[in-house]
Every structure is written in structure tokens, then in C-alpha cells.
Amino acid sequence: MTDLSYTPEEEEFRARLREWLGDVLPGLPAKPRPDDWPGRRAYDTAWQRMLHDAGYAGLHWPVDAGGRGATPTQHLIFLEETERAGAPYVGANFVGLLHAGPTIATEGTAEQRARWLPPVLRGDEIWCQGFSEPEAGSDLASLRTRAVRDGDHYVVSGQKIWTSHAEVADWCELLVRTDPAAPKHRGISWLAMRMDAPGVTVRPLRTLAGSTEFAEMFLDEVRVPVSHRVGAENDGWRVTMVTLSFERGTAFVGEVVACRRTLAALAAEARANGRWDDPVLRRTLGRLNAEFRALWRLTQWNVSEAQRAGAGGGGGVPGTGGSVFKLRYSQARQELYDAAAEVLGAEGADLDREWVLDRLTSLSYTIAAGTSQIQQNIVAERILGLPKGR
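From a predicted model like this one, the values you see are computed outputs, not experimental measurements.

Caption draft 1: Structural context of the pairing of strand E4 (residues 171-177). Extensive coverage of E4 is indicated by the burial of seven of its seven residues. The alternating pattern of E4 places Trp171, Glu173, Leu175 and Arg177 on one face and Cys172, Leu174 and Val176 on the opposite face, and all of these are buried. The pairing of strand E1 (residues 127-130) with E4 spans four bridges and is parallel. Note on E4: the bridge partner recorded for Gly130 is Leu174. Pairing of E4 with strand E5 (residues 188-194), which is carried by seven bridges, proceeds in the antiparallel orientation. Among the inter-strand pairings, Cys172 is bridged to a residue of E5, identified as Met193.

Caption draft 2: Molecular detail of the packing of aromatic side chains. Across all of its chains, the model carries nine aromatic pairs by this definition. One cation-aromatic arrangement involves Arg40 over Trp37; the distance from NZ or CZ to the ring centre is 4.0 Å. It is Arg271 that lies over the ring of Trp276; its NZ or CZ is 4.1 Å from the centre.

Caption draft 3: Molecular detail of the packing of helix H1 (residues 8-24) against helix H3 (residues 72-84). Contact geometry for H1 and H3: axes closest at 10 Å, N-to-C directions at 30°. It follows from the interaxial angle that H1 and H3 lie roughly parallel. Viewed along their axes, H1 and H3 form a crossing whose handedness is right-handed. In this structure, H1 contributes Glu10, Phe13, Arg14, Leu17, Arg18 and Leu21 to the contact, and H3 contributes Thr73, Gln74, Ile77, Phe78, Glu80, Glu81, Thr82 and Arg84. Taken together, the residues of the contact of H1 with H3 sort by class into five nonpolar, three polar and six charged.

Caption draft 4: Geometry of H3. Between its terminal C-alpha atoms H3 stretches 18 Å, which fits the 18 Å expected from 13 residues at 1.5 Å a residue. Counting buried positions over the 13 residues of H3 gives eleven, a clear majority of the element. Here H3 has its buried residues at Thr73, Gln74, His75, Leu76, Ile77, Phe78, Leu79, Glu80, Glu81, Thr82 and Glu83. Downstream of H3 by a residue or two, Gly86 has a phi angle that is positive, lying close to 75°.

Caption draft 5: Looking closely at the pattern of salt bridges. Enumeration according to the criterion identifies 24 salt bridges in this entry. Here Arg287 makes a salt bridge to Glu291, at a shortest N to O gap of 3.7 Å. One end of the pair is Arg287 and the other is Glu291, both in helix H8 (residues 279-311) and four residues apart, which spans about a single turn. When its relative accessible area of 18% is taken as the criterion, Glu291 is described as buried.

Caption draft 6: View of the side chain of Gln48. Topologically, Gln48 is positioned in helix H2 (residues 37-54). Apart from the residues within four sequence positions on either side, Gln48 is in contact with Ala57, Asn93, Leu97, Val120, Leu121, Arg122 and Gly123.

Caption draft 7: Region of interest: the confidence of the model for the chain. In this model, the chain carries an average pLDDT of 84, and 81% of its residues clear a pLDDT of 70 or more. Segment residues 311-317: pLDDT under 50, and nine contacts once partners within four positions in sequence are set aside and those in other chains are kept.

Caption draft 8: Inspection of the environment of Phe218 at higher detail. Residue placement: Phe218 occurs in strand E7 (residues 214-225). A relative accessible area of 25% means that Phe218 is categorised as partly exposed. Between the alpha carbons of Phe218 and Ser157 there is a distance of 7.7 Å; along the sequence they are 61 residues apart. Among all residues touching Phe218, those that are not within four sequence positions of it are Gly158, Gln159, Gly199, Val200, Thr201 and Arg203.

Calculation criteria
Residues numbered from 1 in each chain as written. Predicted model: local features only at pLDDT ≥ 70, side-chain atom pairs only at ≥ 80, totals over all residues. Heavy atoms only, no water. Buried < 20%, exposed > 50% of the residue type's maximum accessible area, 1.4 Å probe, protein only. Helix = DSSP H or I, 4+ residues; strand = E, 2+ residues; numbered from the N terminus. Pairing = 2+ DSSP bridges. Phe/Tyr/Trp six-rings, centres within 6.5 Å; stacked < 30°, edge-to-face > 60°. Lys NZ or Arg CZ within 6 Å of the ring centre and 35° of its normal. Axes fitted to C-alpha atoms, helices over the stretch in contact; angles between N-to-C directions. Parallel < 35°, antiparallel > 145°, perpendicular 65-115°, else oblique. Left-handed = near helix turned anticlockwise from the far one by under 90°. Contact = heavy atoms within 4.5 Å. Nonpolar A, V, L, I, M, F, W, Y, C, P; charged D, E, K, R; others polar. Expected span 1.5 Å × (residues − 1). Salt bridge = Lys/Arg side-chain N within 4 Å of Asp/Glu carboxyl O. pLDDT = per-residue confidence, 0-100.

Here you go:
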């Protein structure tokens, strides 16, 4: 039986964290404009350094990887409390802290961990993600970016798209095909590539919401040292599944807390502007309240299972339950901001109005971190044991 309650030690951890947040948050500078990426990088990395100096950076990372070795439950408390307090999110540090860093901590050599993890935890270096390609998005294993071995380097050529935070990144977690003759799920390797290497060209992509946190990236015979490969050559698909398990495990936890807060604010707005009289809207908001409460409980269960796996030698890597969470959360978030449009009425077309840009952003959540169709396949095959579709 899974215990979803908190221990006295965990509640003590929560109280100390809450006190620290209450001390430091009032002194933070104003957030930079969304389109000021150098300013956003400086703001996000400064916050990361504050977390590092206070002992909260890489909270759940292993001690030998520079973290505090906290339990998944303590990490959950950290995400919950920082979101409730309105603390800065990881922002430009997202890929390094939630994807590349945990992957290197799990799969990297001692030398790789010593080189790349401390700068991530201090906020000194930013990572981006070079996975998707124009013809290999949901079907990631169809990627075509080639890496040809040349002595102690790989020579990489190809194109990536939706490269998160490429504009301000120092490093890229890059998937490449090192054996074009192998089946598509094999012959792939995971490389760490410097973004200032000769042959790397970045072109920002503007989203529907007007932001440019994604870019397309062109690679023209970029030389990457073989020593920058994480995992064995041609074992990159397995390493990638480790990366994606982190992305789908706790990456959205803080956003569940934020959605619950938004839901309460929407109910207050509806009462203030008279739309609360609509019984259909009231039922929608009530159902969403139940949805997000259930998602929070599912999160606690997933974290509890990861903690149990870690105690049993499994390393605490998130499991396939993250796909169940991500699948439902993506849809619930879209439904939340559809409800926001109902509450706002005509003001729902005003981009300066609260929740409007969030509604545009919510449209991407059934695609980001693996499309809903991919998550359905994972749930069907790996949890329910159904045969693979033809």
C-alpha cells in the first residue's frame, strides 16, 4: 500500500524551505521581458546560484553528483513550495537541470559528471535539447542527423528543430545516428555538443504566443569529441529513454500547483464578473478541481514509487507512470484555459489580459515532451501489456 502522507522530517524540511523563501523572494529584482533572452538567462542563472548557495540546487540528485541526495518526496515538497511562493521557475536552466543533468548523473562517467554537473547546479552553464528533427518529431527514432567517427571525434551534420533555449545555451544534449545500417531504434548515440563549435547555426522560431524559446539548428560538419558521448556508442536510444523519463516524471509538478492556483483565481473572477451564474461553467470548474486534485495525488504516487525503486537499487529514475500523468495533465491544462476563455468572455482575445497567453501556450502541451499519441502507446504497451500496433 502506498503512503501518500508526509513524515515529521519531511514537514520540518517544508517549514525550513518556506522560511527561506519568505526571506529571499522579496529581494529579487523584477523579471525581464519575455523577449529579453540575455536578461532572462541572467535572471534565471542568478536564481539558480541562490539555490545552490542555500543548498537547494539539485536537491534530489545523488550526493556524488553534487546534489543533496534528498528523497523524491522532499523534491516534490520543494517543487510544491517554490511554486506556491511564486519563486522563479528553472526557466533557461530547464534542460540542464531536468533533462541533461539527471541523465549525465545516471549514465555519465566520473569525468563527465565532474565536468558538466557542477556548472549546471551553480547556474554557470545552460543546456538546450537537440532531439527533434523536421521529419523525426513524434517518431524520434527516425532521426537522420549523422555522426561519422573520425579518430577521437565525431563529425556531425544534420538539422534539429524545436531546440529548447538554443539562443542562450552553452551545451546541447544531441541525438545523432552513428550507425545508419542499424534498425532505427539502434545506431543512435547521445552526445554533449558545445553550442559555440564551428558549424553550428541557430535560427530562432517564433511561437503562436510570440516567444522564441525554440529554434531550428543546422549542423555542418561539427566536430564533437568522442569523450563527449554519454553511454556506449549506438546505445543512445536507451539513454534517451532515461532522459525522457525525467522529462515526463516531475518536470510538470510545479505546473500542477500553478494550475490549481489559477483555477481558484478563475472561480473568484467568475464570481466577480457574474459568470458564476452559468451552471455549465460551474460544473466545468468543479470537474477541473477534481482533475487537478487527482493529478496531484497521482504525482505523489509516482514519487512514492520512484522513492521505493531507489531504495531497492533502482536509482529513483521515474517510471512509466510519468506517461500516465503527462497524458492527462496535457489535456486538463488545455481544458483549464478553455474555461479561462469562458470566464473572460470578450476579454479572452486581449493578449495583455491574464491567462490569455497561457491559453495559447497550453495548446503545445499535447505535443511537448512526447505527443499524447506517443504517451498512449507507452501506457498501452508498457503498462497494460497490449501488443504493439502495426
